[in-house]
Amino acid sequence: MIKLFKWLIKLIQELIDHQKRNVRVSTQKTQVKDKAATNKFIEGKGVNLLLIRDTFTEKSVMGELFINGERICDTLELPWRDNQRSVSCIPAGEYKVRFRYPRESATRDYLHLLIKDVPNRDYILFHRGNSAKDSRGCVLVGFANQQDFVGNSTLAMDLLMKELINCGHAIKNINLIIKNK
């Protein structure tokens, strides 16, 4: 618990420092146009994440991530390659998600998310990274996306975690819908 509070204090300090530097990042929350997609899971029974994949290239798939209908950040994944391990994004669909703590990971020393029950895949995460090569089949979060790239990944990951933590007890039931545009 103390570790979580220290992490939250560090996050708040980083956000304040970020604002002081006047770095322009498109963090403005916008409402998702497809509101019905976020309400597919029972309202009041958890947190709904919606990932809308909207740009498909040979090197990556880019999209937007929403929490309960509000835009949080951009996403970057590997392109679709028949759900092959470490070289493909996961299939569009519905998944359960849980927090994955640093103590559970040999490579991630920060709080991140684990997507559960992905067919024929294990340890699919939401984590930091800037290009598709950082992904290995996971979902990267960031801001200021360009083709095959997301920037400010640490800031986006921290914001995502903060927003989920602010949801309170609902975080015990995190639902994810992935849709291809």
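All residue numbers refer to position in the chain's written sequence, counted from 1. Local features in this predicted model are restricted to residues whose pLDDT is 70 or higher, and side-chain atom pairs enter the listing and the counts only when it is 80 or higher, whereas totals over whole chains, interfaces and linings include all residues. Where side-chain values are given, they derive from all heavy atoms of the structure, hydrogens and water being excluded.

Participant: Got a sec to walk through the layout of surface pockets? Specific residues and values, please.
Facilitator: Buried and open spaces are told apart on a 1 Å grid over the protein atoms alone, a cavity being a set of points where a 1.4 Å probe fits but cannot get out and a pocket being an open set with protein on both sides within 12 Å along at least five of seven lines. Residues with an atom within 4 Å of a point are the lining residues. Grid points are joined across faces, edges and corners, and a volume is the space filled by probe spheres set on the points. If you add up the space inside the second largest pocket, you get close to 320 Å³. Secondary structure elements follow DSSP: runs of H or I no shorter than four residues count as helices, runs of E no shorter than two count as strands, and numbering proceeds from the N terminus. Element by element, the count of residues in the lining of the second largest pocket is highest for strand β6 (residues 124-127), at three residues. Gly is placed with the polar residues, together with every amino acid not listed as nonpolar (Ala, Val, Leu, Ile, Met, Phe, Trp, Tyr, Cys and Pro) or charged (Asp, Glu, Lys and Arg). The residue inventory of the lining of the second largest pocket, partitioned by class, reads five nonpolar, five polar and seven charged.

Participant: Describe in detail the packing of aromatic side chains, supporting the description with residues and values.
Facilitator: Pairs were defined over the aromatic rings of Phe, Tyr and Trp, the Trp ring being its six-membered one, requiring ring centres within 6.5 Å. Orientation was assigned from the angle between planes: stacked under 30 degrees, edge-to-face over 60, tilted for the rest. Scanning all chains against the criterion turns up one aromatic pair. Judged by centre distance (6.4 Å) and plane angle (35°), the rings of F99 and Y101 are tilted. Three labels apply to residues, based on accessible area from a 1.4 Å probe with only protein chains included: buried if under 20% of the type maximum, exposed if over 50%, partly exposed otherwise in between. Here F99 falls in the buried class, since its relative accessible area comes to 8%. On the accessibility criterion, Y101 (34% relative accessible area) is partly exposed. We count a charge as sitting over a ring when the NZ of a lysine or the CZ of an arginine lies within 6 Å of the ring centre and within 35 degrees of the ring normal. If you follow R128 out to its NZ or CZ, it ends over the ring of Y110, 3.6 Å from the centre.

Participant: So what's going on with the pairing of strand β2 (residues 61-67)? Which residues, and what values?
Facilitator: Side-chain direction in a regular strand flips from residue to residue, so the side chains alternate between the two faces of the sheet. Most of β2 is tucked away: six of the seven residues are buried. Examined bridge by bridge, strand β1 (residues 47-56) and β2 share seven bridges and lie antiparallel to one another. The partner of L50 across the bridge, within β2, is F66. Where β1 folds back onto β2 in an antiparallel hairpin, the turn is made up of four residues. Pairing between strands is defined by DSSP: at least two bridges between the two strands are required. Pairing analysis gives seven bridges linking β2 to strand β3 (residues 70-77), with the strands arranged antiparallel. By the bridge assignment, V61 is partnered in β3 with E77. Where β2 folds back on β3, the antiparallel hairpin that results is connected by two residues, among which N68 adopts a positive phi of roughly 45°.

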